[in-house]
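# A structural walkthrough
Chain residues, written in single-letter form:
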There are 2 protein chains.
Amino acid sequence: MTVTLADVAARARVSPATVSRVLNGNYPVAASTRDRVLRAVDDLDYVLNGPASSLAAATSDLVGILVNDIADPFFGIMAGAAQSEIGGPGDGSGRAGGEKLAVVCNTGGSPERELTYLTLLQRQRAAAVVLTGGALEDPAHQAVMAAKLAKLADAGTRIVFCGRPPLPDSDAVVAALAFDNRGGGRRLTEHLLELGHRRIGYVAGPLERTTTRHRLEGHREAMKAAGLYADEESLTVHGPYDRRSGYDATLELLRRAPEVTAVVAANDTVALGAGAAIREHGLRIPEDVSVAGFDDLPFSVDAVPALTTVRLPLFEAGARAGRLAMGKETPPPGGIATIEAELMVRGSTAPPRG
Amino acid sequence: MTVTLADVAARARVSPATVSRVLNGNYPVAASTRDRVLRAVDDLDYVLNGPASSLAAATSDLVGILVNDIADPFFGIMAGAAQSEIGGPGDGSGRAGGEKLAVVCNTGGSPERELTYLTLLQRQRAAAVVLTGGALEDPAHQAVMAAKLAKLADAGTRIVFCGRPPLPDSDAVVAALAFDNRGGGRRLTEHLLELGHRRIGYVAGPLERTTTRHRLEGHREAMKAAGLYADEESLTVHGPYDRRSGYDATLELLRRAPEVTAVVAANDTVALGAGAAIREHGLRIPEDVSVAGFDDLPFSVDAVPALTTVRLPLFEAGARAGRLAMGKETPPPGGIATIEAELMVRGSTAPPRG
DNA sequence: CTGTTAGCGCATTCAC
DNA sequence: GTGAATGCGCTAACAG
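This section reports on the structure supplied with the text. (Residues numbered from 1 in each chain as written. Chains lettered and ligands numbered in written order. Predicted model: local features only at pLDDT ≥ 70, side-chain atom pairs only at ≥ 80, totals over all residues. Heavy atoms only, no water.)

### Observations regarding the overall build of chain A
Scanning chain A from N- to C-terminus turns up 12 helices and 12 strands. With the principal axes as the frame, chain A shows a C-alpha extent of 90 × 40 × 35 Å. Considering only contacts within chain A whose residues lie at least 6 apart along the sequence, 73% involve residues at least 24 apart. Carbon and sulfur atoms make up 53% of the accessible area of chain A, which totals about 14000 Å². Separation of charge centres in chain A, based on 37 positive and 42 negative side chains, amounts to 5 Å. (Helix = DSSP H or I, 4+ residues; strand = E, 2+ residues; numbered from the N terminus. Contact = heavy atoms within 4.5 Å. Areas by Shrake-Rupley, 256 points an atom, 1.4 Å probe, with all protein chains shown as cover. Lys, Arg positive; Asp, Glu negative; His and termini not counted. Charge placed at Lys NZ, Arg CZ, Asp CG, Glu CD.)

### Here we look at the protein's contact with DNA strand C
Taken together, 24 residues surround DNA strand C, and among them Arg21 and Thr33 of chain A together with Leu5, Ser20 and Tyr46 of chain B come closest. For DNA strand C, the backbone portion of the atoms within 4 Å of the protein, that is sugar and phosphate, comes to 60%. Within the side chain of Ser20 of chain B, a nitrogen or oxygen atom sits 2.6 Å from a phosphate oxygen of DNA strand C. (Near = heavy atom within 4 Å. Polar contact = N/O pair within 3.5 Å; in protein donor to acceptor, adjacent residues only side chain to side chain.)

### As for the protein's contact with DNA strand D
Around DNA strand D, the structure places 25 residues, and the nearest of them are Leu5, Ser20 and Tyr46 of chain A together with Thr18 and Thr33 of chain B. Protein-adjacent atoms of DNA strand D, using a 4 Å cutoff, are sugar or phosphate at a proportion of 66%. In this structure, a phosphate oxygen belonging to DNA strand D sits 2.7 Å away from a side-chain N or O atom of Thr18 of chain B. At 2.8 Å from a base nitrogen of DNA strand D is found a side-chain nitrogen or oxygen belonging to Arg21 of chain B. Elements supplying a minimum of two residues to the surface near DNA strand D: helix H2 (16-24) and helix H4 (50-57) of chain A together with helix H2 (16-24) and helix H4 (50-57) of chain B.

### Examining the packing of aromatic side chains
Under the criterion given, the structure shown has five aromatic pairs over all chains. On the numbers, 6.5 Å between centres and 65° between planes, the contact of Phe74 of chain A with Phe179 of chain A is edge-to-face. Of this pair, Phe74 of chain A sits in helix H5 (residues 73-87) while Phe179 of chain A sits in strand S5 (residues 173-179); the two residues are 105 residues apart in sequence, bridging distant segments of the chain. Taking the relative accessible area as the measure of exposure, Phe74 of chain A reaches 9% and is therefore buried. Since its relative accessible area comes to 8%, Phe179 of chain A is described here as buried. Measuring from centroid to centroid gives 6.0 Å for Phe299 of chain A and Phe299 of chain B, while their planes differ by 25°, and the two rings are stacked. Taken as a pair, Phe299 of chain A in the loop between strand S9 (290-292) and strand S10 (309-311) and Phe299 of chain B in the loop between strand S9 (290-292) and strand S10 (309-311) lie in two separate chains rather than in one. By the burial criterion, Phe299 of chain A is buried, and Phe299 of chain B matches it. These aromatic residues form a ring-pair network of at least three members: Phe74, Phe75 and Phe179 of chain A. The positively charged end of Arg164 of chain A is found above the aromatic ring belonging to Phe161 of chain A, 5.3 Å away from the centroid. (Phe/Tyr/Trp six-rings, centres within 6.5 Å; stacked < 30°, edge-to-face > 60°. Buried < 20%, exposed > 50% of the residue type's maximum accessible area, 1.4 Å probe, protein only. Lys NZ or Arg CZ within 6 Å of the ring centre and 35° of its normal.)

### Brief notes about the relation of the copies chain B and chain A
Rotating chain B by 180° and moving it 0.1 Å along the rotation axis overlays it on chain A with an RMSD of 0.2 Å. Those values place the two copies in the arrangement expected of a two-fold rotation axis. Among all C-alpha atoms of chain B, that of Pro51 of chain B lies closest to the rotation axis, at 2.1 Å. When you check the interface residues of chain B against chain A, 100% turn up at the interface there too, and the contact is symmetric in its surfaces. (Least-squares fit on C-alpha atoms with pLDDT ≥ 70 in both.)

### Some points on helix H9 (residues 210-225) of chain B
All names here are of chain B. Here H9 contains 16 residues, and its C-alpha end-to-end distance of 22 Å stays within 8% of the 22 Å for a straight helix at 1.5 Å per residue. Among the residues of H9, those classed as buried are Thr210, Thr211, Thr212, His214, Arg215, Leu216, Gly218, His219, Arg220, Ala222 and Met223. At its buried positions, H9 is contacted by helix H5 (73-87), helix H8 (181-195), strand S6 (200-204) and strand S7 (236-238). Trailing H9 by a residue or two, Gly227 shows a phi angle of about 75°, which is positive. (Expected span 1.5 Å × (residues − 1).)

### Some words on the side chain of His219 of chain B
Among the structural elements, His219 of chain B can be located in helix H9. When neighbours within four sequence positions are excluded, His219 of chain B is seen to be in contact with Gly185, Arg186, Thr189, Ile200 and Tyr202 of chain B.

### A word on empty space enclosed by the protein
Across all of its chains, the model carries five cavities of 30 Å³ or more by this definition. In this structure, the largest cavity spans a volume of roughly 330 Å³. Around the largest cavity, the lining comprises 26 residues; the ones closest to its centre are Asp302, Ala303 and Val304 of chain A together with Ala303 and Val304 of chain B. Of all the elements in the fold, those that place two or more residues in the lining of the largest cavity are helix H11 (268-280) of chain A together with helix H11 (268-280) of chain B. (1 Å grid on protein atoms, 1.4 Å probe; cavity = no way out; pocket = protein on both sides within 12 Å on 5 of 7 lines; lining within 4 Å. Points joined across faces, edges and corners; volume = space filled by probe spheres on them.)

### Here's the deal with the interface of chain B and chain A
Each partner contributes residues to the interface: chain B has 60 residues there, and chain A has 60 residues. Here chain B and chain A share an interface that buries about 5100 Å² over both sides, 59% of which is from carbon and sulfur atoms. Seen at the junction of chain B and chain A, the total is six salt bridges. Where Asp61 of chain A meets Arg123 of chain B, a salt bridge forms, and the shortest distance between an N and an O atom there is 3.7 Å. In this assembly, chain B and chain A are joined by 17 residue pairs in polar contact (both at pLDDT 80 or more). At the level of secondary structure, the elements contributing two or more residues to the side of chain B that touches chain A comprise H4, H5, strand S2 (101-106), helix H6 (111-123), helix H7 (139-154) and H11 of chain B. By residue number, the principal contributor to the side of chain B that touches chain A is H6 of chain B, which donates 10 residues. (Buried area = accessible area lost by both parts, 1.4 Å probe. Salt bridge = Lys/Arg side-chain N within 4 Å of Asp/Glu carboxyl O.)

### Topic: the pairing of strand S6 (residues 200-204) of chain A
All names here are of chain A. The buried count for S6 comes to five of five residues, which makes it a mostly enclosed element. Neither face of S6 is exposed, since Ile200, Tyr202 and Ala204 on one face and Gly201 and Val203 on the opposite face are all buried. Bridge count for S6 against strand S7 (residues 236-238) is three bridges, and the pairing is parallel. Looking at the pairing, Ala204 lines up with His238 of S7. (Pairing = 2+ DSSP bridges.)

### Topic: the nonpolar core
Counting residues in each nonpolar core, the largest one holds 136 residues, and the members touching the most others are Leu101 and Leu149 of chain A together with Leu101, Leu131 and Leu149 of chain B. The contacts of Leu101 of chain B, once residues within four sequence positions are left out, are Leu62, Cys105, Tyr117, Leu120, Leu121 and Gln124 of chain A together with Asp61, Leu62 and Val63 of chain B. By size, the runner-up hydrophobic cluster in this structure holds 20 residues, among which are Leu254, Ala265, Ile285 and Ala303 of chain B. (Core = buried A, V, L, I, M, F, W, Y, C linked by side-chain atoms within 4.5 Å.)

### Focus: the packing of H6 of chain B against H7 of chain B
All names here are of chain B. Running from N to C, H6 and H7 cross one another at 10°; their axes reach a closest spacing of 11 Å. Judged by the angle between their axes, H6 and H7 are roughly parallel. Contacts between H6 and H7 involve Pro111, Glu114, Leu115, Leu118, Thr119 and Gln122 from the former and His141, Val144, Met145, Lys148, Leu149, Lys151 and Leu152 from the latter. Partitioning the contact of H6 with H7 into residue classes produces seven nonpolar, three polar and three charged. (Axes fitted to C-alpha atoms, helices over the stretch in contact; angles between N-to-C directions. Parallel < 35°, antiparallel > 145°, perpendicular 65-115°, else oblique. Nonpolar A, V, L, I, M, F, W, Y, C, P; charged D, E, K, R; others polar.)

Encoded structure:
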């Protein structure tokens, strides 16, 4: 049947405890003994029983990374970076030593699934959890989340936010890395204003997300500073963070306000759909309408024309979140760090016609 | 401290065994007793101890989904679809009943990490494992993989391949869903030949991957059938499946064979880079050079001009793999199914100049 | 440095 | 339909 630690001990002529010690490597063991044990492990093709180990030690090597949409490179890049810091390099043998099992969980943006995953991870006694992406604004859900996270933290799970605003009054979270969505949104719109645009359409993300609100607030700050805040509502259309939504919303926007000379999209993916809608409408980019995105995903530089956008250091942020989750890096002061967003001016924006 | 099943039992004035039975729901329990237990669970905020449960039952609710590159939507779409079938809808309470914990693991295309993840999953006594994406051609690695998968299967883990060719002589795998990369590649090149192209460059993926080889073989089949197999080698450049590689390889290709009138890319992401290189070279698409991709990722239809490519039903395949992993769907005859690839002709391909 | 002893929290036989 | 007892495989004190 399945070979256990006792079998290995018998074959190596040592006690089970000794085998456990060499396997976990956190205790002095004589080199010769260790070799004997490792040989026995190889001979018997022994694989540690994770559940038994977790039960006895009251900890597990599971680390969860929650993302809103795994098909979106925005999350994929962060998750991959985090995972690479957590998983460790491996020893190339496939034997798997003290590695953590870094796994990503796709919530699909659903608050229920987010909670379910947290419960599942709590059940597994996860060592750490990284939550990526903006949060939902709903106070009820936020309260439930805060309670759940507090319980996880109580049980010893390290919580890290990545690209997510900090929870108010909570010490459950080891560190929160928040993107400067507001500042990025402001600088982007300032750029368009400098080019001479005055009627700027905004294809926003879902209403109830912090990311959506912060980017939009940055945009409106810039508009307001330029004395242009009359038609905020009619020039804003909300929708999901996907290509299709960008397309539909832009069509709606062009119908509603044909005079716009620029369209700012909630993110690069939405901008892609926006661009398609604009072209199908018979307008040229950027001659007739400028287009801008957010995130600077890899494909954005290859768009035609190349997309003006706001660069978020997704990989770096994800990696840092991974290190924080592992305790390999000391948290920022107050547990909160703001990650800068950099304006990338490219071919899709230009002065308005006329 | 942490509340256990015994605490719940005490509060509900029943035995631990009864609590276990209502929680697992696979045993008759009186309705009134069940209510009492569930109330106690809620009152105490009890969360099952996963490791203990897994140890006692010798099974776990963990399901692993292995992907080569989590930042690539190709994998993200499949993984998300699989996860949605496995994770179940949740009951909206965040309480997490009989749900599986579907998690995706990013191998980064590294065979070592692939093995490490399999070992980690084996250690956790995973209920199922879904392996996505092409395999490595290296016979040594294939042998190790086969052995590892056999061991997993022995331990009761269900193995499913998604977008990966079946393992020869192995009954460890419940089902293998393989994409028709060869057929898709052939039809794509046939399309270019019909347009009148004769000198076709090929920006291929990494040499050692089955996906790369199959797509390339399809291309060469078509070329051969047209009597055009003279310069196969000089017209083929290999590189990773990413944007940068497509850019670099295409520049190399244009240097090596300036007379090409069409470039076929290993996939859509590579095609994006190829297109950038072609334009920077001062050539127009498709007037001077036609470009084609593979996969039909969401952004491909929004490329300018829209990308001719081969559509792979990634979502459907991922979902099916998820169902197979859960035993919700009966495996195809022989455990092997080929998934068709559909040619999508769009604006990036046209007859050659002159 | 190594062996012995006790549980970790739950699922599962059996009885009743 | 319910309770009592046993052991899953391992780690963590203790000794020595």
